[in-house]
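# Reading the structure
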Amino acid sequence: SPIQAAILNGDPETGVTIMQLVEKMDAGPIITQSRIQLKGNETAGDLHDILACKGAQLLIQTLEKIPFPSRAQDEAQATYTKKITSQDAELNAKEPAFALERKIRAYNPAPGAHIIISSNIKTNNFVIARSGNDEAILNAIETTQDLHISLSFPRNLSPSFIGERESMQIKLFV
């Protein structure tokens, strides 16, 4: 979940590291690194693909430099993240718009951001606002007490229009 964490935290940059393997996870000496600047509109799917390509390129460049120079990792600079659950992707309407926008991007394509509205609403008609070419796919599953709504965006589309607003509204028409 480091990709999702970078998006959720609004980090200005992220990157890939080639390191020597040791017994402890992610603790070996650093052989080389490459950083990329984040624009603030990447989805986790986009960032995954960018970092995968960057990592492959970096590995090829590194293998050409045998023997490898390396340096010890600075444990004070280490950051940790946790395994992602579907509960992490739940949107809370009380959160600021920037946090909601980051969650939608961080959990796209999986597990997908969603919101649960407790109510007795019975409806099949859902509308989500569109802005320019931005369009969300809205899915709804009704249970007896709750309405579960999930938002997802195509991988090539960033929900930038949400981040520009002070709040996000989903309108339900009964």
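Provided above is the structure to which this section pertains.
Residues numbered from 1 in each chain as written. Predicted model: local features only at pLDDT ≥ 70, side-chain atom pairs only at ≥ 80, totals over all residues. Heavy atoms only, no water.

### So, a nonpolar patch on the surface
Taken together, the side chains of Leu59, Leu63, Ile66 and Phe68 define a hydrophobic patch exposed on the protein surface, amounting to about 380 Å² of accessible area. Along the chain, leucine 63 turns up in helix H2 (residues 44–63). (Patch = residues over 30% accessible without salt bridge, like charges linked within 9 Å, V, L, I, M, F, W, Y side chains within 5 Å. Areas by Shrake-Rupley, 256 points an atom, 1.4 Å probe, with all protein chains shown as cover. Salt bridge = Lys/Arg side-chain N within 4 Å of Asp/Glu carboxyl O. Helix = DSSP H or I, 4+ residues; strand = E, 2+ residues; numbered from the N terminus.)

### Regarding the pattern of salt bridges
Taken as a whole and assessed by the stated rule, the structure comprises four salt bridges. Among the salt bridges present, the one from glutamate 95 reaches lysine 103, with a minimum N-O distance of 3.3 Å. On the basis of relative accessibility, which here comes to 14%, the residue lysine 103 falls in the buried class. The partner of arginine 105 in a salt bridge is glutamate 101, with the nearest N and O atoms 2.6 Å apart. Linking arginine 105 with glutamate 101, this pair stays in helix H3 (residues 97–106), spanning four residues, or about one helical turn. Overall, arginine 105 belongs to the buried group, its relative accessible area being 5%. (Buried < 20%, exposed > 50% of the residue type's maximum accessible area, 1.4 Å probe, protein only.)

### Some words on the layout of surface pockets
If you add up the space inside the largest pocket, you get close to 1,400 Å³. Taken together, 33 residues form the lining of the largest pocket, with Pro2, Thr17, Gln77, Ala78 and Thr79 sitting closest to its centre. Secondary-structure elements contributing two or more residues to the lining of the largest pocket are helix H1 (2–8), strand E1 (13–19), strand E2 (30–37) and H2. Looking at the lining of the largest pocket residue by residue, the class counts come to 15 nonpolar, ten polar and eight charged. (1 Å grid on protein atoms, 1.4 Å probe; cavity = no way out; pocket = protein on both sides within 12 Å on 5 of 7 lines; lining within 4 Å. Points joined across faces, edges and corners; volume = space filled by probe spheres on them. Nonpolar A, V, L, I, M, F, W, Y, C, P; charged D, E, K, R; others polar.)

### Details of unusual backbone geometry
Omega for the peptide link from isoleucine 66 to proline 67 comes to 0°, which places this bond in the cis form. Mapping proline 67 onto the fold places it in the loop between H2 and H3. Of note, the bond from alanine 110 into proline 111 is cis; its omega dihedral lies within 30 degrees of zero at 0°. Its place among the elements puts proline 111 in the loop between H3 and strand E3 (114–118). Even without glycine at this site, aspartate 26 takes up a positive phi of about 55°.

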